[in-house]
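Structure assessment
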Amino acid sequence: MTRWQRTVAAIWAVGLAIRLWDVFGYRPTCAPGSSIGVLGASCYTLKGDAAGFFGAAHLVRLGEVGMNPLLYNVSGGRLVATASKPPLGVAWLALVGWLGDSPWLGQTIVSVLLVGVIALTVRHSGAEPER
Amino acid sequence: MIVVEIGTVLFVALRLLDGTTVASARFYSVLLGSMAVPLMAAVGRRAAPDGWGGRVGIVTAAIVAIHPAIWVGDSMLNNETVLVVVLPLFLLACYRALDMPGRNTSVTLAITFVLVVLTRVELAGLGVFVLPFVWLRASPDWRTRLHSALAFGVTAVVLVGVYSGWNRLRLGGGSPGPSSVVGYVLNAGSCDPVFVGDYKGLWYPCWFNPQTATAIEGDTRVADVVDRLVGKPGYTDQLTDPEVGAVGLAEDPPPVELFDGFERLEDIQPTLTANYGMLPDGSAGVGVWVNDQPVIDPDTPVEPGDEIRFRFNFYFLMTDEALTADTLTPPTLKYIRDHVDGLPTVMAARLGRITGVYRTSETMAADQLLEDHGWLPSRLGFIGLWLQTPFAIAGAVVLFRRRRPLAPLVGPILNVALVTMVVFGLSRYRLSADLTIAVLAAIGLIAATHRFGPNRETSSPPDN
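Since the structure is predicted, the reported quantities are computational estimates derived from the model, not experimental observations.

As for the pattern of salt bridges
Enumeration over the complete set of coordinates arrives at 21 salt bridges over all chains. A salt bridge links Asp338 of chain B to Lys334 of chain B; the nearest nitrogen and oxygen atoms lie 2.8 Å apart. Pair noted here: Asp338 of chain B and Lys334 of chain B are both in helix H16 (residues 321-338), with a separation of four residues, about one helical turn. Here Arg428 of chain B makes a salt bridge to Glu371 of chain B, at a shortest N to O gap of 3.0 Å. Remark: Glu371 of chain B occurs in helix H18 (residues 360-371) and Arg428 of chain B occurs in the loop between helix H20 (407-422) and helix H21 (431-452); sequence separation between them is 57 residues. Taken together, the shared-partner salt bridges in this structure form one network comprising Asp49 and Lys85 of chain A together with Glu80, Arg120, Glu122, Glu371 and Arg428 of chain B.

Concerning the pairing of strand S4 (residues 307-310) of chain B
All names here are of chain B. A one-sided burial pattern is seen for S4, the buried positions being Ile308 and Phe310 and the unburied ones Glu307 and Arg309. Where strand S1 (residues 211-214) meets S4, four bridges bridge the pair, whose relative direction is antiparallel. Each bridged residue has a counterpart across the sheet, and for Ala213 the counterpart in S4 is Ile308. Examined bridge by bridge, strand S2 (residues 288-290) and S4 share three bridges and lie antiparallel to one another. Counted as the bridge partner of Trp289 is Arg309 from S4.

Concerning the sheet that holds S1 of chain B
Residue and element names in this part refer to chain B. What the four strands build is an open sheet, ordered S1-S4-S2-S3; its pairing is antiparallel. The sheet is open, and its two edges are formed by S1 and strand S3 (293-294), each paired on a single side. Across two bridges, the pairing between S2 and S3 is antiparallel. Paired with Val290 across the bridge in S3 is Gln293. Docked against the sheet, helix H13 (residues 222-230) engages S1, S2 and S4, running at close to 55° with respect to S4.

So, the interface of chain A and chain B
Contacts between the two partners involve 91 residues from chain A, matched on the other side by 110 residues from chain B. Overall, the association of chain A and chain B removes approximately 8500 Å² of surface from exposure, summing both partners, and the carbon and sulfur fraction of that is 65%. There are three salt bridges connecting chain A and chain B. One salt bridge in this structure joins Asp49 of chain A and Arg428 of chain B, with 2.9 Å as the shortest N-O distance. Across the chain A-chain B interface, the total number found is 30 residue pairs in polar contact (both at pLDDT 80 or more). Put simply, the parts of the chain that give the side of chain A that touches chain B at least two residues each are helix H1 (3-26), strand S2 (41-42), helix H2 (48-61), helix H3 (69-74), helix H4 (87-101) and helix H5 (104-126) of chain A. Residue composition of the side of chain A that touches chain B, by class: 48 nonpolar, 30 polar and 13 charged.

Here's the deal with the confidence of the model for chain A
Low pLDDT means the predicted coordinates in that region are not meant to be read closely. All names here are of chain A. Averaged over all residues, the pLDDT of chain A is 82; the fraction at 70 or higher stands at 76%. Between the elements of chain A, mean pLDDT differs from a low of 44, seen in strand S1 (residues 37-38), to a high of 96, seen in H3. Note that residues 35-40 has pLDDT below 50 and, in this model, 11 contacts with residues that lie over four places away or in other chains.

Focus: a nonpolar patch on the surface
Together, Trp21 of chain A together with Val357, Trp375, Leu376, Leu380, Ile383, Trp386 and Leu387 of chain B line one region of the surface with nonpolar side chains, adding up to about 740 Å² of accessible area. Residue contributions to the nonpolar patch peak at six residues, all from helix H19 (residues 375-401) of chain B. Its place among the elements puts Val357 of chain B in the loop between helix H17 (343-355) and H18.

As for the nonpolar core
Judged by nonpolar contacts, the single largest core of 156 residues is most densely connected at Leu46 of chain A together with Leu77, Phe90, Leu109 and Tyr315 of chain B. Among the elements that make up this core, the one with the highest residue count is helix H6 (residues 80-99) of chain B (14 residues). Not counting chain neighbours up to four residues away, the residues in contact with Phe90 of chain B comprise Leu109, Thr112, Phe113, Val116, Leu126, Val130 and Leu131 of chain B.

Comments concerning the environment of Pro68 of chain B
All names here are of chain B. On the secondary structure map, Pro68 appears in helix H5 (residues 68-71). Taking relative accessible area as the criterion, Pro68 reaches 9% and is therefore assigned buried. Considered as a pair, Pro68 and Ile383 are 315 residues apart in the sequence and their alpha carbons are 9.5 Å apart. Here Pro68 is in contact with Pro377, Leu380 and Gly381, once residues within four sequence places are set aside.

Regarding the packing of H6 of chain B against H21 of chain B
Working note: a packed helix pair is described by the angle between its axes plus the distance between those axes. All names here are of chain B. Close contact between H6 and H21 brings their axes to 10 Å; oriented N to C, the two are set at 50°. Taken as axis vectors, H6 and H21 run oblique relative to one another. Of the two elements, H6 crosses H21, and the hand of that crossing is right-handed. Residues Glu80, Leu83, Val84, Leu87 and Leu91 of H6 form the contact with H21, whose participating residues are Leu431, Ser432, Leu435 and Thr436. For the contact of H6 with H21, the class distribution of residues is six nonpolar, two polar and one charged.

Brief notes about the state of the cysteines
Residues and elements named next belong to chain A. Tallied over the entire structure, the rule returns two disulfides over all chains. Each sulfur of the disulfide joining Cys30 and Cys43 lies 2.0 Å from the other. Disulfide Cys30-Cys43: the torsion about the S-S bond is 110°, which places it as right-handed. With Cys30 in the loop between H1 and S1 and Cys43 in the loop between S2 and H2, this pair connects stretches of sequence that are 13 residues apart. In terms of burial, Cys30 and Cys43 fall into one category: buried.

Regarding the packing of aromatic side chains
Residue and element names in this part refer to chain B. Per the stated rule, a full pass over the model turns up 19 aromatic pairs over all chains. A centroid spacing of 5.5 Å and a plane angle of 50° characterise the contact between Phe113 and Phe152, whose relative ring orientation is tilted. Here Phe113, found in helix H7 (residues 103-117), pairs with Phe152, found in helix H10 (residues 142-171); they are 39 residues apart in sequence, far enough to count as distant. Judged by its relative accessible area of 10%, Phe113 is buried. With centroids separated by 5.9 Å and ring planes inclined at 20°, the aromatic side chains of Tyr199 and Tyr204 adopt a geometry described as stacked. Taking the relative accessible area as the measure of exposure, Tyr199 reaches 44% and is therefore partly exposed.

About the cut-offs
- Numbers given to residues run from 1 along each chain, matching the order in which its sequence is written.
- In the order they appear in the text, chains get letters beginning with A and ligands get numbers beginning with 1.
- This being a predicted model, a pLDDT of at least 70 is required before a residue's local features are given, and a value of 80 or more before pairs of side-chain atoms are given or counted; all residues contribute to the totals for chains, interfaces and linings.
- As a rule here, side-chain values come from all non-hydrogen atoms in the structure, and water together with hydrogens is ignored.
- Here, a salt bridge means any Lys or Arg side-chain nitrogen found within 4 Å of an Asp or Glu carboxyl oxygen.
- Here a helix means four or more residues in a row that DSSP labels H or I, a strand means two or more in a row labelled E, and each is numbered from the N terminus.
- Residue exposure (1.4 Å probe, protein chains only): buried if accessible area is under 20% of the type maximum, exposed if over 50%, otherwise partly exposed.
- Any two strands with at least two DSSP-identified bridges between them are counted as paired.
- Any pair of residues with heavy atoms lying within 4.5 Å of one another is described as a contacting pair.
- Note on geometry: axes are lines fitted to C-alpha atoms, helical ones only across the stretch in contact, with angles between N-to-C directions running from 0 to 180 degrees.
- Buried area counts how much accessible surface, traced with a 1.4 Å probe, disappears from two parts once they are put together, with both parts' losses summed.
- Under the rule applied, a polar contact is a pair of N or O atoms within 3.5 Å (in protein, one hydrogen donor and one hydrogen acceptor; residues adjacent in sequence only if both atoms are side-chain atoms).
- Under the convention adopted here, Pro, Cys and the residues Ala, Val, Leu, Ile, Met, Phe, Trp and Tyr are nonpolar, Asp, Glu, Lys and Arg are charged, and Gly plus all remaining residues are polar.
- Per-residue confidence from the prediction method is given by pLDDT, with values spanning 0 to 100.
- The patch calculation keeps residues exceeding 30% relative accessible area without a salt bridge and links them within 9 Å when they carry like charges or within 5 Å when they are nonpolar (Val, Leu, Ile, Met, Phe, Trp, Tyr).
- Each accessible area value is a Shrake-Rupley result obtained with a 1.4 Å probe; residue values ignore everything except the protein chains displayed when judging cover.
- Working definition of a nonpolar core: buried Ala, Val, Leu, Ile, Met, Phe, Trp, Tyr and Cys residues. They are joined through side-chain atoms within 4.5 Å.
- Roughly parallel covers angles under 35 degrees, roughly antiparallel covers those over 145, roughly perpendicular covers 65 to 115, and oblique covers all other angles.
- Should the near helix be turned anticlockwise from the far one by less than a right angle, the crossing is left-handed, and should it be turned clockwise, the crossing is right-handed.
- The criterion for a disulfide is a pair of cysteine sulfur atoms lying within 2.5 Å.
- When the centres of two rings from Phe, Tyr and Trp lie within 6.5 Å, Trp using its six-membered ring, the rings pair. Their planes under 30 degrees apart give stacked, over 60 give edge-to-face, and anything left gives tilted.

Encoded structure:
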């Protein structure tokens, strides 16, 4: 690795640390139904648009692609098509959910691949030719 | 080997978090979001003037790593997590198309553009603010420009067309292509609270405001009055239909619990009764009242002089998105036409909201409470923007003077400004601009160190 790549990797590690602090320290996920004050911030509650993305991704894992999860939730399971959420956000969370559902070997392989993509990205970003 | 080791650690972490929970989704999302750091470093490297690439890339990476406005969305499980990855890919594709104009780079550009649009629909505006300038600058040869534009157009139309066609098949012929919420979004910035009231320039669920009407001669059932209010014959019958309407919501649990313990029916039920009325049996109404009594029978008799109150039902709006677009868009456009004189000040207020210069403390509080961004990121996100702005302007001047491409970096900023002026001012809609402002600010900062630093130079030293 060049010095530039090492520097970017180090900065990336700092950025990741800040983001992990946000998830686990500053705004941890609330217990459902509670709202705890943490360092002046509230904990994270799944609601609004995020609930739409998360629930739609869960429905994708159940084989129901492009359905409205909020309506499903309150109507005893009625499935109604929706185009209200952009598909990539749902697809990402569906992938994450699949990681959690899949066998351990599948999770390991995908985790390794994901980290590999990140590592290649860092490496590739340093390999861009200077004009 | 390192990759395998880290991957295994992640896998164990996922297991400890329980792989299908909200917490694990947030963990993986920040992992993905952190990729914006190296990706934007690459963008900075490509965007910078000759000889500055390495330093601009590193400063850009540092800003993206620490700027709260960029990282705060990573863990929110919204589409911002994906946007911070796909937008840099689009920007890199722009620079590649500039360096090597032709069919292949145009196809790559089209794929990344579609990825961006399928993450945030309003970023389709980059097709206006960025792409024409890329093609015009990439090659002086009109034939190459034409081939590039054709390759891009065919790829983008096919990809977007497939998704839009799928939506039309599922939602019916009236569905508007890649997204069904355009009218809904426009509605959220078009009523008194956000036009002239305390929330001026912010987001507000305008459809939630109750509407009232008095029954007139000829009205025999409540549906006659509500249908007239909504402007859609048959609306009330559909609203109160036990099979497809909003009757009896939150009473039966779903077959599968989708939200990891959130969105619980016992929490939703009281909200429904508070918002849409409580029926004598204790269940929730649908949002129709006759003389202050909630009703769910469309044939409920009315007499001239009876007061009918109606409120759009949040869940019924989801049952037929084409119908929702038809019912929300016309009154929204009418409101805007009726208040066109106030539009310039509202647009300015929206821009002020998204940049934090209009009613600053209130705007920061809205970012904290409306978006759940937390106290600290809500403040530092705006402060970070203000600190970067003068350097970003300087960076744009440097690029302009050195005849480097500006459109990929300035285009997203113009797009955010336009979208904000048309809809409302929420800080997370600024994210695409935050990313390119980071690059421009890095260039401005490097330029400032050349001009005012201890080792002033008349020409730029090469990167290592």
